[in-house]
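Chain residues, written in single-letter form:
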Amino acid sequence: MKFNPFLEKPKKLEACIMSWKDLAPKPYDKFEVDPYTRVRCILMNGNEYEAVGFSHHFQRHSDDNDLRRMLAMVRRNEQQQQKLISALKPVEENLLETTIGYEQLAVDLTAFFAQSVKDKNVKAALDFALLEDFDHLYRYANLLESDMGAKAEDYVGNYTEITPGRPTISHHRHPYDTIKEPISNKKADPFTQCVVNIITTAEQQTMNYYMNIGAFYKNQKGRELYTEIGMVEEDHVSQYGSLIDPNPSWFEMCLMHEYIECYLYYSMMCDETDKNIKKLWEMLLEQEIAHLHASNENLRKYEGKDWQEVLLQGEFPELVTFKSNIDYVRKVLKSTVENTGDREWYININDLDDDANFFKYQNKVNKCPDDEAGHKVIEDHINRFGEDYRYETKENPVKELQDRTKDNNTLGRVKSK
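Trainee: Tell me about the pattern of salt bridges, and please be specific about residues and values.
Mentor: Tallied over the entire structure, the rule returns 24 salt bridges. A salt bridge links Lys-221 to Asp-380; the nearest nitrogen and oxygen atoms lie 3.0 Å apart. Taken together, the residues span a long stretch of sequence, with Lys-221 in helix α7 (residues 220-241) and Asp-380 in helix α12 (residues 373-385) at a distance of 159 residues. Lys-221 gets classed as partly exposed once you look at its relative accessible area, which sits at 23%. With its nearest N and O atoms 3.0 Å apart, the salt bridge here joins Glu-224 to Lys-376. Here Lys-376 lies in helix α12 and Glu-224 lies in helix α7, a separation of 152 residues in the sequence. Take Lys-376: its relative accessible area is 33%, and that puts it in the partly exposed class. One network of salt bridges, with partners in common, ties together Glu-387, Asp-388, Arg-390, Glu-392 and Arg-404.

Structure, rendered in structure tokens:
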């Protein structure tokens, strides 16, 4: 069903403010919740983080107090929305269990976008980072069983496999190789515009989460793993953020932010299986429609434009849905596991010049490969249990990654030809 939020009658902003009781919803049951409900909560929490952060930066670039008051009003409600969504996580779900949800979100959201987006450069970026988040899930899952005796398959359901991807040690590239060509909003279709913004927001939330909670992990092994993967998330946020069109004005960017929030809440509402949480998505969509109309009023007032001059269409493009992507991930893994970054491009490591920045950077951060945190987590698990932890529907599609008694820390890092 087509939905255009600009054609909806908005609530007044004052009517969006919630009480303390509203901000204390009943959390989901971590043992009973559908894994994709957990994933939706993580995605929308990150969406509100982005909204609040953008609004603060917008305010700092204006001296118009009427505008700043309007931004503060909307931002206060965005903060409440974030607190409400964050409170859906139960107290007994620990930080590593939540991390499994973060990585499942990264895998299945990225795979969904990669299969749907038309822009070849954006698809290449998605396919590339997909294999790295997939490997992160595998590393954290091994830490989960080693440290807590829990199996990550109980948290991801049967939707997402847990098996090695491009080894985490191979993810560390020179910063110059993270920057790609941006899209043009005047040429890109609406879905592509939404994709580059949403995937940047999702990865940024993961980066921020690891930056903040890594040092709170209970042992040094885990702390080091969060440090390492947190650095890869910096790489991903730089890559995805570089795809966003840098030319829109602050008012145009604000409109796009609010439009994407409406788009995501509508998508979550349509996709949700939990009746109680579905009602929350519906309520928050109604609030976001009010924010969107307020943003459009600012666009008219300060720039003399209307939404039709910023967005190619008001109707939402293909909605975000969560589903299993096992076959697609396996296909990408088999064909591109040895790829790495080379400035604006992606290239098989065997075709990379020997003096490339990738090798220079690797020689600095991975002077002793056996000391790399991701590798040590797997080796520790193998030493304790005789093999690594996996949840596979069939054997890993990459021959070099099939041995469960030895972690491969050269694939995608060292030339094999």
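Trainee: Can you tell me about the packing of aromatic side chains, naming the residues and giving the values?
Mentor: In this structure the tally under the stated criterion is 26 aromatic pairs. On the basis of an interplanar angle of 35 degrees and a centroid distance of 5.5 Å, the ring pair of Phe-54 and Trp-250 is categorised as tilted. Within this pair, whereas Phe-54 is found in helix α1 (residues 35-59), its partner Trp-250 is found in helix α8 (residues 250-271), the two being separated by 196 residues in sequence. Accessibility expressed as a relative area gives 26% for Trp-250, which makes it partly exposed. Ring centres 5.5 Å apart and planes at 55 degrees place the aromatic pair Tyr-140 and Tyr-210 in the tilted group. With Tyr-140 in helix α4 (residues 120-148) and Tyr-210 in helix α6 (residues 190-213), this residue pair connects regions lying 70 residues apart in the sequence. Accessibility classification places Tyr-140 together with Tyr-210 in one group, the buried group.

Trainee: Residue-level account of the nonpolar core, with values.
Mentor: Ranked by size, the top nonpolar core spans 105 residues in total, and within it Leu-43, Leu-109, Phe-113 and Trp-281 carry the most contacts. Apart from the residues within four sequence positions on either side, Phe-113 is in contact with Leu-126, Phe-191, Val-195, Ile-198, Ile-199 and Val-320.

Trainee: Give me the packing of helix α3 (residues 95-116) against α6: which residues, what numbers.
Mentor: Helix-helix packing is described using two parameters, namely the angle between the two axes and the distance between the axes. Here α3 crosses α6 at 160 degrees, and the two axes come no closer than 11 Å. Taken together, the axes of α3 and α6 lie roughly antiparallel to each other. Crossing of α3 over α6 shows left-handed handedness. On α6, the residues that touch Leu-95, Thr-98, Thr-99, Tyr-102, Glu-103, Ala-106, Leu-109, Thr-110, Phe-112, Phe-113 and Ser-116 of α3 are Phe-191, Val-195, Ile-198, Ile-199, Ala-202, Glu-203, Gln-205, Thr-206, Tyr-209, Tyr-210 and Ile-213.

Parameters and conventions
Residues numbered from 1 in each chain as written. Predicted model: local features only at pLDDT ≥ 70, side-chain atom pairs only at ≥ 80, totals over all residues. Heavy atoms only, no water. Salt bridge = Lys/Arg side-chain N within 4 Å of Asp/Glu carboxyl O. Helix = DSSP H or I, 4+ residues; strand = E, 2+ residues; numbered from the N terminus. Buried < 20%, exposed > 50% of the residue type's maximum accessible area, 1.4 Å probe, protein only. Phe/Tyr/Trp six-rings, centres within 6.5 Å; stacked < 30°, edge-to-face > 60°. Core = buried A, V, L, I, M, F, W, Y, C linked by side-chain atoms within 4.5 Å. Contact = heavy atoms within 4.5 Å. Axes fitted to C-alpha atoms, helices over the stretch in contact; angles between N-to-C directions. Parallel < 35°, antiparallel > 145°, perpendicular 65-115°, else oblique. Left-handed = near helix turned anticlockwise from the far one by under 90°.

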